[in-house]
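# A closer look at the structure
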Amino acid sequence: MRKIATNAVRQPANLSIDSQLMAEAKGLNVNVSRAAEAGIAEAVAAEKTRLWKLENRATMDAWNDYVDKHGIPLTEHRQF
């Protein structure tokens, strides 16, 4: 998980959040801004991962085909 910089420049944003969830978060003294930022950072990382997998699918498929046909390279040198 990405570490969120405490000294980062922050940008105000308007969000619509379930009112019951917001009341519960405030009652528990949750820093809603930081929690939202962490959730957004997680969503961004997940989307970047998904896109990387899509962009590199052909290469991964080709590599998997190679391994299926020829085995793992340098297997004879593995010590486990």
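Criteria and cut-off values
- Residues numbered from 1 in each chain as written.
- Predicted model: local features only at pLDDT ≥ 70, side-chain atom pairs only at ≥ 80, totals over all residues.
- Heavy atoms only, no water.
- Buried < 20%, exposed > 50% of the residue type's maximum accessible area, 1.4 Å probe, protein only.
- Helix = DSSP H or I, 4+ residues; strand = E, 2+ residues; numbered from the N terminus.
- Expected span 1.5 Å × (residues − 1).
- Phe/Tyr/Trp six-rings, centres within 6.5 Å; stacked < 30°, edge-to-face > 60°.
- Salt bridge = Lys/Arg side-chain N within 4 Å of Asp/Glu carboxyl O.
- Polar contact = N/O pair within 3.5 Å; in protein donor to acceptor, adjacent residues only side chain to side chain.

## Regarding unusual backbone geometry
Negative phi is the rule for most residues except glycine; trans is the rule for most peptide bonds. Within the chain, Asn29 stands out as a residue other than glycine whose phi angle is a positive 60°. Overall, the relative accessible area of 70% leaves Asn29 in the exposed class.

## Here we look at helix H3 (residues 57-70)
Between its terminal C-alpha atoms H3 stretches 20 Å, which fits the 20 Å expected from 14 residues at 1.5 Å a residue. Phi for Gly71, located one or two positions after H3, is positive at around 85°.

## Remarks on the packing of aromatic side chains
Applying the stated criterion to the full structure yields 1 aromatic pair. A ring pair is formed by Trp63 and Tyr66, whose centres lie 5.6 Å apart and whose planes are at 15°; its orientation type is stacked. With Trp63 and Tyr66 both in helix H3 and 3 residues apart, the pair spans about one turn of that helix. The exposure class assigned to Trp63 is partly exposed, which follows from its relative accessible area of 46%.

## Observations concerning the pattern of salt bridges
Following the criterion strictly, the structure yields 4 salt bridges and no others. Where Arg34 meets Glu37, a salt bridge forms, and the shortest distance between an N and an O atom there is 3.9 Å. In this pair, Arg34 and Glu37 both sit in helix H2 (residues 32-55), 3 residues apart, roughly one turn of the helix. For Asp61, the salt bridge goes to Arg57, with nearest N and O atoms at 3.8 Å. Of this pair, Asp61 and Arg57 are both found in helix H3, 4 residues apart, which corresponds to roughly one turn of the helix. By relative accessible area, which is 52% here, Arg57 ends up exposed. Sharing partners across several salt bridges, the network here consists of Arg10, Arg34 and Glu37.

## Structural notes on the environment of Val9
When you line up the elements, Val9 lands in the segment before helix H1 (19-27). Judged by relative accessible area, Val9 falls into the exposed class, the value being 83%. Along the primary structure Val9 and Met22 are separated by 13 residues, whereas in three dimensions their C-alpha atoms are 24 Å apart.

## Some points on H2
Quick reminder: α-helices carry 3.6 residues per turn. Residues three or four places apart thus point the same way. Between its first and last C-alpha atoms H2 spans 34 Å; for 24 residues at 1.5 Å apiece the expected length is 34 Å, and the two agree. The opening residue of H2 is Asn31, an N-cap whose side-chain oxygen sits 3.2 Å from the backbone nitrogen of Ser33.

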